[in-house]
Amino acid sequence: MMSATHLPALLGPHVLLRAMRSSDITEQHAAWLNDPEVVRHSNQRFVHHTQDSSLRYLQSFEGSANLYASVRLAADDRAIGTLTAYRNLHHGTADIGILMGDRSCWGQGLGQEAFQLLADWLALQPGARKLTCGMLASNHGMLKIAQRAGFTREAVRVAQELVDGQPTDIVLFARFVHAPTT
């Protein structure tokens with residue numbers, strides 16, 4: 001069984017991951033969640049976010065095995081995004097999500113580095129068996145991130161959601177920590 005260890009600081013060449021703190025929930029953080037371009041491929045696009053709603057979301061992680069991380073630039077500790085990992089310790093699984101809120105950092109490989117750091121750390125946790133992530137097929141950046149992080153396409157939920165009124169697939173990816181035995 002995967003342990004309920006909390007996230008330590010994880011440092012990569014360009015990003016630092018650390019557990020989210022209430023002090024990280026700023027007006028800027030709420031603005032990311034309300035930016036139509038940032039949440040274009042997320043169901044967060046249907047919700048208006050405030051600092052209070054964001055604090056409640058952070059509090060929902062307390063006492064759980066789930067993780068909520070701040071993605072920060074290693075050079076100056078500036079917040080640029082967030083990561084989540086919804087873990088089921090009984091099954092040894094973790095579903096990872098990422099939001100790169102600072103658009104000035106897009107296209108630089110920082111989301112890839114952050115996602116890879118968290119996925120690799122999760123894979124090392126006792127009892128870890130399988131990592132997953134899912135995204136809209138229209139989210140080309142996230143499709144590349146998953147594949148580059150060693151995830152393989154596992155399933156497609158055809159025409160599952162609407163994006164700009166168009167039916168869009170959800171693509172599910174997985175990475176096994178150890179090859180499954182059947």
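One can find the structure itself at the top, above this paragraph.
Reading the values: rules and limits
Each residue is numbered by its place in its chain's sequence as written, counting from 1. Confidence filtering applies because this is a predicted model: local features only for residues at pLDDT of at least 70, side-chain atom pairs given and counted only at 80 or more, and all residues used for totals across whole chains, interfaces and linings. Where side-chain values are given, they derive from all heavy atoms of the structure, hydrogens and water being excluded. Each helix corresponds to a stretch of at least 4 residues labelled H or I by DSSP, and each strand to a stretch of at least 2 residues labelled E; elements are numbered beginning at the N terminus. This radius of gyration counts C-alpha atoms alone. The globule rule is 2.2 Å times how many residues there are, raised to the power 0.38. Whether two residues touch is decided by their heavy atoms; if any such pair falls within 4.5 Å, the residues are in contact. The accessible surface values rely on the Shrake-Rupley method and a 1.4 Å probe; as for residues, cover is taken only from the protein chains in view. Charged residues are defined narrowly, with Lys and Arg counted positive, Asp and Glu counted negative, and His plus the chain ends left uncounted. Charge positions are represented by NZ for Lys, CZ for Arg, CG for Asp and CD for Glu. Only strands joined by at least two bridges in the DSSP assignment are considered to pair. Lines fitted to C-alpha atoms define the axes here, with helix axes fitted over just the stretch in contact, and angles between the N-to-C directions of these axes take values from 0 to 180 degrees. Using a grid of 1 Å spacing that covers the protein atoms alone, one calls a set of points a cavity when a 1.4 Å probe fits there but cannot get out, and a pocket when the set is open and has protein on both sides within 12 Å along at least five of seven lines; lining residues are those with an atom within 4 Å of a point. Grid points are joined across faces, edges and corners, and a volume is the space filled by probe spheres set on the points. In this classification, the charged set is Asp, Glu, Lys and Arg, the nonpolar set is Ala, Val, Leu, Ile, Met, Phe, Trp, Tyr, Cys and Pro, and all remaining amino acids, among them Gly, are polar. One fewer than the residue count of a helix, multiplied by 1.5 Å, yields its expected span. Burial classification: accessible surface area is computed with a 1.4 Å probe over protein chains only, and a residue below 20% of its type maximum counts as buried, one above 50% as exposed, and the rest as partly exposed. Pairing of aromatic rings covers Phe, Tyr and Trp, the last through its six-membered ring, and needs centres within 6.5 Å; plane angles under 30 degrees mean stacked, over 60 mean edge-to-face, and all others mean tilted.

Participant: Please explain the overall build of the chain as it appears in this structure.
Facilitator: Within the chain, the secondary structure is distributed over four helices and eight strands. In the chain, the order of α-helices and β-strands from amino to carboxyl end is β-β-α-α-β-β-β-α-β-α-β-β. For the chain, whose C-alpha radius of gyration is 16 Å, the value lies close to the compact-globule estimate of 16 Å for 182 residues. For the chain, the C-alpha atoms occupy an extent of roughly 50 × 40 × 30 Å along the three principal directions. Within the chain, contacts between residues at least 6 apart in sequence are counted, and of these 63% link residues at least 24 apart. Here the chain has roughly 9,600 Å² of accessible surface; of this, 52% comes from carbon and sulfur atoms. In the chain, the 16 positive side-chain charges and the 16 negative ones have mean positions that sit 6 Å from each other.

Participant: Would you take a moment to explain the sheet that holds strand 2 (residues 15-19) for this structure?
Facilitator: One key point about sheets: their strands pair by backbone hydrogen bonds, in either a parallel or an antiparallel sense. Pairing in this open sheet of eight strands is mixed, and the strands run 1-2-3-4-5-6-8-7 from one edge to the other. Each end of this open sheet is capped by a strand with a single partner; those strands are strand 1 (10-11) and strand 7 (152-163). Sheet analysis places strand 5 (residues 93-100) next to strand 6 (residues 130-136), joined by three bridges and oriented parallel. Directly across from A94, in strand 6, lies its bridge partner L131. Packed on one face of the sheet, helix 3 (residues 110-123) meets strand 1, strand 2, strand 3 (67-73), strand 4 (79-88), strand 5, strand 6 and strand 8 (166-176) and runs near 160 degrees to strand 5.

Participant: It is not clear to me how the layout of surface pockets should be interpreted in this structure. Could you clarify?
Facilitator: Rolled over the atoms, a probe sized like a water molecule indicates the empty space that remains. What the largest pocket holds in volume is close to 1,400 Å³. Taken together, 46 residues line the largest pocket, and the ones lying closest to its centre are S42, I98, L99, M100 and N139. Within the residue set of the lining of the largest pocket, elements represented by two or more residues are helix 1 (27-33), helix 2 (51-59), strand 4, strand 5, helix 3, strand 6 and helix 4 (140-148). Roughly 190 Å³ of internal volume is contained in the second largest pocket. Together, H6, L7, A19, M20, L58, F61, E62, G63, N66, L67 and Y68 line the second largest pocket. Taken together, the residues of the lining of the second largest pocket sort by class into seven nonpolar, three polar and one charged.

Participant: Would you mind going over helix 3 with me for this structure?
Facilitator: In an α-helix, one turn spans 3.6 residues; hence positions three or four apart end up facing the same way. When the terminal C-alpha atoms of helix 3 are compared, their 20 Å separation across 14 residues agrees well with the 20 Å that a helix rising 1.5 Å per residue should span. Among all positions of helix 3, only L110, G111, Q112, E113, A114, F115, L117, L118, A119, W121, L122 and A123 are buried.

Participant: Looking at this model, I keep getting lost on unusual backbone geometry. Mind explaining?
Facilitator: Keep in mind that most residues, glycine aside, have a negative phi and that most peptide bonds are trans. The phi torsion at D77 lies on the positive side, around 65 degrees, for a residue other than glycine. Secondary-structure assignment places D77 in the loop between strand 3 and strand 4. Accessibility expressed as a relative area gives 37% for D77, which makes it partly exposed. One non-glycine residue, D164, adopts positive backbone phi at about 50 degrees. Of note, D164 is situated in the loop between strand 7 and strand 8.

Participant: Looking at this structure, I do not really get the environment of R153. What am I missing?
Facilitator: Tracing the backbone through its elements, the reader meets R153 in strand 7. Separated by 19 residues in the primary sequence, R153 and G134 place their C-alpha atoms 9.3 Å from one another.

Participant: Help me understand the packing of aromatic side chains in this model?
Facilitator: Any two aromatic rings considered together are summarised by their centre-to-centre distance and by the angle between their planes. Evaluated as defined, the whole model comprises five aromatic pairs. Through pairs of rings, three or more aromatic residues link up here, namely Y57, F61, Y68 and Y86.

Participant: Whenever I open this one, the environment of Q112 confuses me. Can you help?
Facilitator: With respect to the secondary-structure elements, Q112 resides in helix 3. Measuring from C-alpha to C-alpha, the distance between Q112 and F61 comes to 24 Å, with 51 residues separating the pair along the chain. Each residue touching Q112, except ones within four places of it in the same chain, is listed here: K144, I145, R148 and A149.

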